[in-house]
Amino acid sequence: MTDELKRAARWAGWLYLLLVPLGVVGILIMPETILVKGDGAATLANLSQQKWIVQIAITSAFLIQIVQLFLALHLRSLLAPVGAFKASLIVWFTVAAMPIALLNEMFFVVLLSLDQPEFFLATLTTTQREALALSLFQWHENGIMIAHIFWGLWLIPMGYLILRSGYLPWVIGGLLLLAGVSYLLDTLVWVYKPHIEFMFANLFGWAEVLLPLWLIFKGINSHIAEQKWTLPTV
């Protein structure tokens, strides 16, 4: 039983850590390298010169979905002894976010078509294409905020189960709970007060880095795990 938990913890740690560079590249760095806010001409010029950046962002987004799915499965195995149903919610919330995130990348796929004459978008005027480029970036950002809901929801059962587990630090569980709530608050602020740029997730989101580092370098408390829990069949 303990060996199974250790294996699940190790895989979960490395997969979770892998999400960090993929998320930074695919969601933050790459799109911001192309986008010049309020300047469609400069944005379109950047796109024509560095289309590969958008392609990497799309690829990173696809890889995130694959990695996060396997991560959710290992987290379920790791935390199922605490509560099988709540551990399954981690997987279900992950799966629910996947179609939103994948369809959201269609905005970037259309963006790549703006300078291709064989596509109907080439019939647009330069001004229209510049405006569309800015709109596609905005729509993509909106899609991320919608997926934000499920990125928060999957952290809530995860944090709760870690908090109760006894074989992982309760502090990390509490921070993940707060991170999950902060993601949900960010979405509500985006809907009702879109002019506010403050992100609650910045306050607690770093706990998502703390967890994989703990799983990799410290792992579970084997003694407590052996005493308290029996790993169910997954």
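All of these numbers come straight from a predicted model, not from anything done at the bench.

**A look at helix H7 (residues 155–165)**
For step 1, the next point in the chain: Here H7 has its buried residues at Leu155, Pro157, Met158, Gly159, Leu161, Ile162 and Ser165.
For step 2, the next point in the chain: Of the residues trailing H7, Gly166 is marked for its positive phi of about 90°.

**Some details on the packing of helix H4 (residues 84–104) against helix H6 (residues 126–153)**
For step 1, the next point in the chain: Their axes nearest at 9 Å, the elements H4 and H6 cross at an angle of 175°. In terms of their interaxial angle, H4 and H6 are classed as roughly antiparallel. Contact with H4, carried on its side by Phe93, Ala96, Ala97, Ile100 and Asn104, involves Trp139, His140, Gly143, Ile144, Ile146, Ala147, Phe150, Trp151 and Leu153 of H6 and no other residues of that element.
For step 2, the next point in the chain: Considered class by class, the residues forming the contact of H4 with H6 number 11 nonpolar, 3 polar and no charged.

**Remarks on empty space enclosed by the protein**
For step 1, the next point in the chain: This model, assessed by the stated rule, comprises 2 cavities of 30 Å³ or more.
For step 2, the next point in the chain: Volume-wise, the largest cavity comes out at about 110 Å³.
For step 3, the next point in the chain: If you go around the largest cavity, you meet 14 residues; those closest to its centre are Ile27, Ala101, Glu105, Ile144 and Trp151.
For step 4, the next point in the chain: If you list the elements that add at least two residues to the lining of the largest cavity, you get helix H1 (2–34), helix H3 (51–79), H4 and H6.
For step 5, the next point in the chain: The element contributing the most residues to the lining of the largest cavity is H6, with 5 residues.

**Observations concerning the confidence of the model for the chain**
For step 1, the next point in the chain: Taken over all residues, the pLDDT of the chain has a mean of 87, while the share at 70 or more is 92%.
For step 2, the next point in the chain: Mean pLDDT per element in the chain: helix H11 (residues 222–228) is the minimum at 65, and H7 is the maximum at 94.

**Overview of the pattern of salt bridges**
For step 1, the next point in the chain: The final tally for this structure, using the stated rule, is 1 salt bridge.
For step 2, the next point in the chain: Between Glu4 and Arg7 there is a salt bridge; the shortest N-O distance is 3.1 Å. A residue pair is termed a helical-turn pair when its members lie 3 or 4 positions apart in one helix, as Glu4 and Arg7 do in helix H1 at 3 residues.

**Section: the layout of surface pockets**
For step 1, the next point in the chain: By volume, the largest pocket amounts to about 1500 Å³.
For step 2, the next point in the chain: Surrounding the largest pocket, 41 residues form its lining, Ile27, Leu28, Ile144, His148 and Met199 being those nearest its centre.
For step 3, the next point in the chain: No other element matches H6, which puts 10 residues into the lining of the largest pocket.
For step 4, the next point in the chain: Looking at the lining of the largest pocket, its residues break down into 26 nonpolar, 9 polar and 6 charged.

**Details of the nonpolar core**
For step 1, the next point in the chain: By size, the foremost hydrophobic cluster in this structure holds 37 residues, and its most contacted members are Tyr16, Leu75, Leu78, Leu79, Trp154 and Met158.
For step 2, the next point in the chain: Those elements giving two or more residues to this core turn out to be H1, H3, H4, H7, helix H8 (170–192) and helix H10 (207–217).
For step 3, the next point in the chain: Per-element accounting of this core gives the leading share, 8 residues, to H1.
For step 4, the next point in the chain: In this view, Met158 contacts Tyr16, Leu75, Leu79, Ile90, Leu176 and Leu211; residues no more than four positions away in its chain are not counted.
For step 5, the next point in the chain: Residues Ile34, Val54, Ile58 and Leu111 belong to the second largest nonpolar core, which totals 17 residues.

Reading guide: rules and limits
Residues numbered from 1 in each chain as written. Predicted model: local features only at pLDDT ≥ 70, side-chain atom pairs only at ≥ 80, totals over all residues. Heavy atoms only, no water. Buried < 20%, exposed > 50% of the residue type's maximum accessible area, 1.4 Å probe, protein only. Helix = DSSP H or I, 4+ residues; strand = E, 2+ residues; numbered from the N terminus. Axes fitted to C-alpha atoms, helices over the stretch in contact; angles between N-to-C directions. Parallel < 35°, antiparallel > 145°, perpendicular 65-115°, else oblique. Contact = heavy atoms within 4.5 Å. Nonpolar A, V, L, I, M, F, W, Y, C, P; charged D, E, K, R; others polar. 1 Å grid on protein atoms, 1.4 Å probe; cavity = no way out; pocket = protein on both sides within 12 Å on 5 of 7 lines; lining within 4 Å. Points joined across faces, edges and corners; volume = space filled by probe spheres on them. pLDDT = per-residue confidence, 0-100. Salt bridge = Lys/Arg side-chain N within 4 Å of Asp/Glu carboxyl O. Core = buried A, V, L, I, M, F, W, Y, C linked by side-chain atoms within 4.5 Å.

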